[in-house]
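# Examining the three-dimensional arrangement
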Amino acid sequence: MNYVADLKFDHPIRIKERVKYAIRLRNYGGRTNNGDMGLSCVKGHDNTLFSFNTCSLSLNGTTQSRGQIPYILYYSHDKNCDFERKVCNKLKARESTLSLLKTVVEKSMELINMSIEKLKKDPLVYKYLGESAIVNVLLPLVLAHIGPLTSFSKDAKSAIHVLELINKLLPAVTSINLYSANKLDVMHKDLSDKLDGSKQFGKFKSSKTEIRDSKCTTTSHHYAWVESDHPYTAATVSNYKVKFPKEVKWLCLEFDPRSCTAQTEDSLQLYIPNYRDYSDDDNKHVVTTPYIPVLKKFSNDPMEWPFAAVMLPGNEVVFSLETASDYLKNDRISRYGFRCLVIGYEVEELSKYQALGYGLVHLETELSFLGGMCVSTLLKCDIILPNDDFTHGLEQGSVSAAEQVYAKHSVLLKKGFALAPFLNIQQVMDGVLPLR
């Protein structure tokens, strides 16, 4: 073994099961020794089986029984350990997300409670709070991203945790909206003077009615079908542009279930106009790229294509289908391309007094919608409940010990455990038995 040297790659090479690989050694030095009586099959310590065969790349007659490579250094991952590690990381990420949500809600509650006290003295507090970043940006984004955690994961504990936070925040937001709407009817003249800087503004309609009765359009007259050739052309770049009138503020995209490409190199990318320009150090207006990509590229994996409607802001969208040469030459693979229905929705411009408390009204809607998603998750038949395998095993292993304890202290334990009269849902899901 003194003539054997270990050669290691710069980084590990991942090999797949039931796939043939060729190992080729190029020697630029003197003559080397070789080994005989090699085996066609070798089983490792973890029962990994390696099968060796002759290779057409060999130029000196190397076979599985004679050659210069005596052994292979490899490392095998335990699939069970990897699965447990992924589950553990997923649970930790979920706990961190819920903890962050709890912190955001608590800080928001402090701000809203402070605003309620100041609102009694100055009605303009409602305007300032409705225009704040925490109401218009932070909370809506947090609530929008926390929805899939309770809906798609079907996790009962997460849904209950989010419902508890909504139960704290929603009544405060609703109360400040109702209080402000009622006050606007009484103090509309003073508000108009403060907002416009003029005491001769005139009469306007009830702000309560304008704020609470904002119209919501659920139908549209703007439709467009966008589709590639079926089958699509190879080695081309095709762009398809859909643009509706400026009254359209939102686009709804519904893809045909048959949408798919034949290979990874063939992909579809969506683009929307870039509405944000910036200024350089000299305060000169600089126009950035006219379009920005949204979502990820869709290619030959059908599961990556949207199975539900996709909402995009604006009135314009560009479909860019980039295809490579057909190197697979497989007629059985689908080369359908894509087909998409684009629907444009108009949104009426809000008046000055409708926009006065739109941020808080919109926040109340978002909280109600998220609460409905949590309730829908709890009502599903295939909901994922906490796993009690560990508790069951613990009970089975502690039966004999419990019998011994009860035999020695039967007088003390005959009255049972002094449990709290009521358990909250979180304690029930955690399997906690609170003692007095």
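Residues numbered from 1 in each chain as written. Predicted model: local features only at pLDDT ≥ 70, side-chain atom pairs only at ≥ 80, totals over all residues. Heavy atoms only, no water.

You'll find the protein chain entered in an unreviewed UniProt entry as PHR domain-containing protein, with Acyrthosiphon pisum given as the organism.

### Brief notes about the overall build of the protein chain
Our working rule: Here a strand is any run of E in DSSP of at least two residues, a helix any run of H or I of at least four, and the numbering for each starts at the N terminus. We call two residues contacting when some pair of their heavy atoms lies within 4.5 Å. Note on areas: Shrake-Rupley with a 1.4 Å probe; residue coverage comes only from the protein chains shown.
In terms of regular secondary structure, the protein chain is built from 11 helices and 12 strands. Partitioning the intrachain contacts of the protein chain with sequence separation of at least 6 by distance along the chain shows that 78% fall at a separation of at least 24. Carbon and sulfur atoms make up 56% of the accessible area of the protein chain, which totals about 31300 Å².

### Some remarks on the pairing of strand β10 (residues 310-313)
For a regular strand, side-chain orientation follows a simple rule: the groups alternate between the two sheet faces. Our working definition: Partly exposed describes any residue whose relative accessible area lies between the buried limit of under 20% and the exposed limit of over 50%, with all areas from a 1.4 Å probe on protein chains only and scaled to the type maximum. By this definition, two strands are paired if DSSP reports at least two bridges between them.
Where burial is concerned, the two faces of β10 differ: the one with Val310 and Leu312 is buried and the one with Met311 and Pro313 is not. The pairing of strand β5 (residues 248-255) with β10 spans four bridges and is antiparallel. Bridge pairing links leucine 251 to leucine 312 in β10.

### Section: the sheet that holds strand β9 (residues 291-298)
Quick note on the threshold: Axis geometry follows a simple rule: fit a line to the C-alpha atoms, using only the stretch in contact for helices, then measure angles between N-to-C directions, giving values from 0 to 180 degrees.
Here we have four strands laid out as an open sheet, ordered β4-β11-β6-β9, and antiparallel in their pairing. Each of the sheet's edge strands pairs with one partner strand only, and the pair in question is β4 (237-243) and β9. Ignoring strand direction, the axes of neighbouring strands in this sheet form an average angle of 20°. When β4 meets strand β11 (residues 316-322), the two strands line up antiparallel, connected through seven bridges. Counterpart to valine 237 in the pairing with β11 is glutamate 322.

### As for the nonpolar core
Operational definition: Residues grouped as a nonpolar core are buried Ala, Val, Leu, Ile, Met, Phe, Trp, Tyr and Cys residues, joined through side-chain atoms within 4.5 Å.
If you look at the biggest cluster of nonpolar residues, it comprises 29 residues, and the most contacted ones within it are Val162, Leu169, Leu363 and Leu367. Elements with a minimum of two residues in this core: α1 (79-119), α2 (124-130), α3 (133-151), α4 (156-186) and α7 (358-378). The leading source of residues in this core is α4, at eight residues. Excluding residues within four positions of it along the chain, leucine 367 makes contact with Leu143, Ile166, Leu169, Leu170 and Val173. Judged by nonpolar contacts, the second largest core, of 24 residues, contains Val226, Phe244, Leu268 and Leu312.

### Some thoughts on the state of the cysteines
Quick reminder of the rule: In plain terms, two cysteine sulfur atoms within 2.5 Å form what is called a disulfide here.
Summed over the entire model, instances satisfying the criterion amount to zero disulfides. Not part of a disulfide, cysteine 252 finds its nearest cysteine sulfur in cysteine 340, a span of 8.5 Å. Note on cysteine 252: relative accessible area 6%, which makes it buried.

### Section: the environment of serine 259
This is how it is decided: N or O atoms closer than or at 3.5 Å make up a polar contact, with two conditions inside protein: a donor-capable atom paired with an acceptor-capable one, and, for residues adjacent in sequence, both atoms drawn from side chains.
Position of serine 259 among the secondary structure elements: in the loop between β5 and β6 (267-273). Serine 259 sits in the buried class, given a relative accessible area of 2%. Polar side-chain contacts of serine 259 include one of 3.3 Å to the backbone nitrogen of arginine 339.

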